Amino acid sequence: MFRFFRRNKNGTSAPSALKMADVHGNPLVVGDVVESLRYDLGLCRLIETPEGLAYESLETGEQVSYLRMVDAATSFQKVRKTTLPDK
């Protein structure tokens, strides 16, 4: 009927193609500082937790899973890669 849920030859679903890249396509790695475009987190650092990757706000300490930052249209993260401002 619909070919929306395609399976590969061994019968399992194909893995999703989430890209660890900001809205402009710049690659992201653990330790990068980004500006969050969702959830009012401000500046965040990409960290690794026991549950997987997460963004930790430098202002409030709140952590948000990287999966909640995925832009459905592009599969990129809804963050903008930046550097820490000089104090």
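In case you missed it, the structure is sitting above this.
1. Things to note about the sheet that holds strand β3 (residues 52-57)
Strand order in the open sheet formed by 5 strands is β4-β3-β2-β1-β5, with antiparallel pairing between adjacent strands. Across the chains shown, the open sheet's two edge strands, defined by having one partner strand only, are β4 (63-65) and β5 (79-82). Each adjacent strand pair in this sheet contributes to an overall mean axis angle of 40 degrees, direction not counted. In this sheet, β3 lies alongside strand β2 (residues 43-49) in antiparallel orientation, the contact comprising 6 bridges. Across the sheet, residue Thr49 finds its bridge partner in β3, namely Gly52.

2. A few points about the pattern of salt bridges
Side-chain pairs of opposite charge can arise where the charged atoms are in close proximity. Under the defined criterion, the tally for this structure stands at 2 salt bridges. Close ionic contact of Lys81 with Asp32 constitutes a salt bridge, the shortest N to O distance being 3.4 Å. Of this pair, Lys81 sits in strand β5 while Asp32 sits in the segment before β1 (33-36), and the two are 49 residues apart along the sequence. Looking at Lys81, the relative accessible area reads 35%, which means it is partly exposed. The class of Asp32 is buried, set by a relative accessible area of 14%.

About the criteria used
- Position labels on residues start from 1 in each chain and follow its written sequence.
- Restriction of local features to residues with pLDDT of at least 70 applies here, the model being predicted, together with a cutoff of 80 or more for giving and counting side-chain atom pairs; totals for whole chains, interfaces and linings are based on all residues.
- Only hydrogens and water are set aside; all other atoms, that is, all heavy atoms of the structure, feed into the side-chain values.
- Here, strands pair whenever DSSP counts at least two bridges between them.
- Here a helix means four or more residues in a row that DSSP labels H or I, a strand means two or more in a row labelled E, and each is numbered from the N terminus.
- Helix axes use the C-alpha atoms of the stretch in contact, all axes being lines fitted to C-alpha atoms, and the angles between their N-to-C directions lie in the range 0 to 180 degrees.
- Between Lys or Arg on one side and Asp or Glu on the other, a salt bridge is scored when a side-chain nitrogen of the former is within 4 Å of a carboxyl oxygen of the latter.
- Exposure categories follow from relative accessible area, calculated using a 1.4 Å probe and restricted to protein chains: below 20% of the type maximum is buried, above 50% is exposed, and the middle band is partly exposed.

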